[in-house]
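For reference, the chains in residue letters:
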Amino acid sequence: MENKLKLILCLFIITIFFYSCPGNKREDNVSISPEAGTSYKSGDIVTVHVHYPAGIKADSVVYFLDSRKVGSQKDSIAVSLKTDTMPLGPKLITAKVYQAGKSQDVSTNIVLLAAKAPEEYTYKVEKAFPHDTGSYTEGLEYNDGYLYESAGNYGNSSLRKVDLTTGKVVQITKLDRKYFGEGIAIVGNKIVQLTYREKVGFVYDKNTFKRLSTFTDTVGVEGWGMCFDGKKLYTDDKTNRIWFLDKDTYHQTGYLDVYDDKGAVQSVNELEYIDGKLYSNVYTTDTILVINPKTGAVLQRIDMKNLWPKAERPPDFDYQNNVLNGIAWDEKGKRLFVTGKKWPYLYQVKFVKK
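All values derive from a computational prediction rather than experimental measurement.

A.B. asks: Residues and numbers for the overall build of the protein chain, please.
C.D. replies: Of the regular secondary structure elements, the protein chain holds one helix and 28 strands. Since a compact globule built from 354 residues should have a radius of gyration of about 20 Å, the 27 Å found for the protein chain marks it as more spread out than a globular shape. Based on the C-alpha atoms only, the size of the protein chain along its principal axes is roughly 85 × 50 × 45 Å. Split by element, the accessible area of the protein chain, about 17900 Å² in all, is 51% carbon and sulfur. Each charge class in the protein chain can be summarised by its mean position, and for the 48 positive and 43 negative side chains these summaries are 2 Å apart.

A.B. asks: Now, about the side chain of Glu198: what can you tell me, with residues and values included?
C.D. replies: Here Glu198 lies in the loop between strand 15 (190-195) and strand 16 (200-205). Each residue touching Glu198, except ones within four places of it in the same chain, is listed here: Tyr154, Lys178, Tyr179 and Phe180.

A.B. asks: Describe the sheet that holds strand 16, and please don't skip the residues or the numbers.
C.D. replies: If you trace the four strands from one edge of the open sheet to the other, you get 14-15-16-17, paired in antiparallel fashion. Each edge of the open sheet carries a strand with a single partner, namely strand 14 (181-187) and strand 17 (211-216). With direction set aside, neighbouring strand axes in the sheet form an average angle of 20 degrees. Alignment of strand 15 against strand 16, held across five bridges, turns out to be antiparallel. Bridge pairing in strand 16 links Leu194 to Gly201.

A.B. asks: Explain empty space enclosed by the protein to me, using residue names and the numbers behind them.
C.D. replies: By the definition in use, this model includes one cavity of 30 Å³ or more. Of the voids in this model, the largest cavity is the one considered here, and its volume is about 40 Å³. Every residue lining the largest cavity is listed: Phe129, Pro130, His131, Asp132, Leu147, Glu149, Val162, Asp163, Leu164, Gly167 and Leu346. Secondary-structure elements contributing two or more residues to the lining of the largest cavity are strand 9 (119-130), strand 11 (146-151) and strand 12 (158-163). Residues of the lining of the largest cavity, tallied by class, amount to six nonpolar, two polar and three charged.

Thresholds applied
- Residues numbered from 1 in each chain as written.
- Predicted model: local features only at pLDDT ≥ 70, side-chain atom pairs only at ≥ 80, totals over all residues.
- Heavy atoms only, no water.
- Helix = DSSP H or I, 4+ residues; strand = E, 2+ residues; numbered from the N terminus.
- Rg over C-alpha atoms; globule rule 2.2 N^0.38 Å.
- Areas by Shrake-Rupley, 256 points an atom, 1.4 Å probe, with all protein chains shown as cover.
- Lys, Arg positive; Asp, Glu negative; His and termini not counted.
- Charge placed at Lys NZ, Arg CZ, Asp CG, Glu CD.
- Contact = heavy atoms within 4.5 Å.
- Pairing = 2+ DSSP bridges.
- Axes fitted to C-alpha atoms, helices over the stretch in contact; angles between N-to-C directions.
- 1 Å grid on protein atoms, 1.4 Å probe; cavity = no way out; pocket = protein on both sides within 12 Å on 5 of 7 lines; lining within 4 Å.
- Points joined across faces, edges and corners; volume = space filled by probe spheres on them.
- Nonpolar A, V, L, I, M, F, W, Y, C, P; charged D, E, K, R; others polar.

Coordinates in, geometry out; function isn't part of it.
Below, the structure written as C-alpha cells:
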C-alpha cells in the first residue's frame, strides 16, 4: 500500500513538472479580458483583448457579442466595443481564435448598467375617484372614457369596464375559478389578458367582452403586467425582464432587461406605455419606474409613498398583499391614473421632480 502511494505521488510530481516546462503549455491556456462579470456603464468603451501563452501566435481573431459578429483583427490586436446604444444587462463576448488552420473559442461576459442614476420624482394628487375595494387590481387601461380593469385572485378574477367618475362596474366577464387574471392591453377592438401561472392568455371583443380566442403563454416565468405601444405588446414576469410579443400571434419577438446604475431592478409589474416610455410599478413597493423601452435603463424613479395615507387605512388592512398596482393613461386628456389592490380610491396624479 505504501509503495502504491509513493508511485501515485511520483506520477503527480512528474505531471506537474511536464506542464510547467517551457514549450509544453497547452493551447487551452488562451484567455480573454475583461474579466468575467466586470460591470460597465452605458456609453463606456469596452476593450476586448485575447492573451496567448508563450510560443503561440494567432493568424486572426473574430469577435462576437451575444453570437453577433462585431469585429475581427490580426493576431492579438484588441477590439473596442461601443455600448451607448446597447440594451442593458449581461453580454457574452466570444473570440474565435484561428491558428494553423484550427480555431479555438474563448469567452467572457460583462454587465452593462445604466449610464447614470434615475432622476428622483414624487407626485401631486390632482383628483381622487371611487374604486371598487373588491377588485384585486392587476391590469388597468383607460380608453374611450372608461377604465378597463383586470382583477386577480383565484375565484374572483374578472375583466371589467368601469365608470371613472363613480367607480361603478358597467360591464364584467368573470374568469373560471382555476384562472388568476393578470395584466391587460387594448389592441384595436380587442382586449388581451394574461393569467398568473396558468400559461394561458385570453382575447376578448372590447365592446361585448365576448371571448374570441385563447393562446398559450410560454413567455417568462409568470404572467404579470402588459401594455401596447401601437406596434407590439410588452409583458413582464416578476423578474427584471420585459418581453416583446407580436400583437397578432402573441409570440415572443424579443426582450429587454431593466437596470439602473447599480444593477438589475427586479419585480417590474403593471405596465403602461406613455409618450414613448414604459411605466411600471415595482411590486410590493411604493415605487413607479420610467424605463427606456430600447435599452431598459431606468430614467426616473417616482416615490408614491402615502398616496393612500396610512392613517386613513382600516386596522385590518392587508399591507402585504393590497399594494400599489395599476397605471392608466388618458392619451387625449393627458391624465395619469394610479390605484392599488382593493384600494377604495383611484388617483389622478402628476409626477413632479424632487
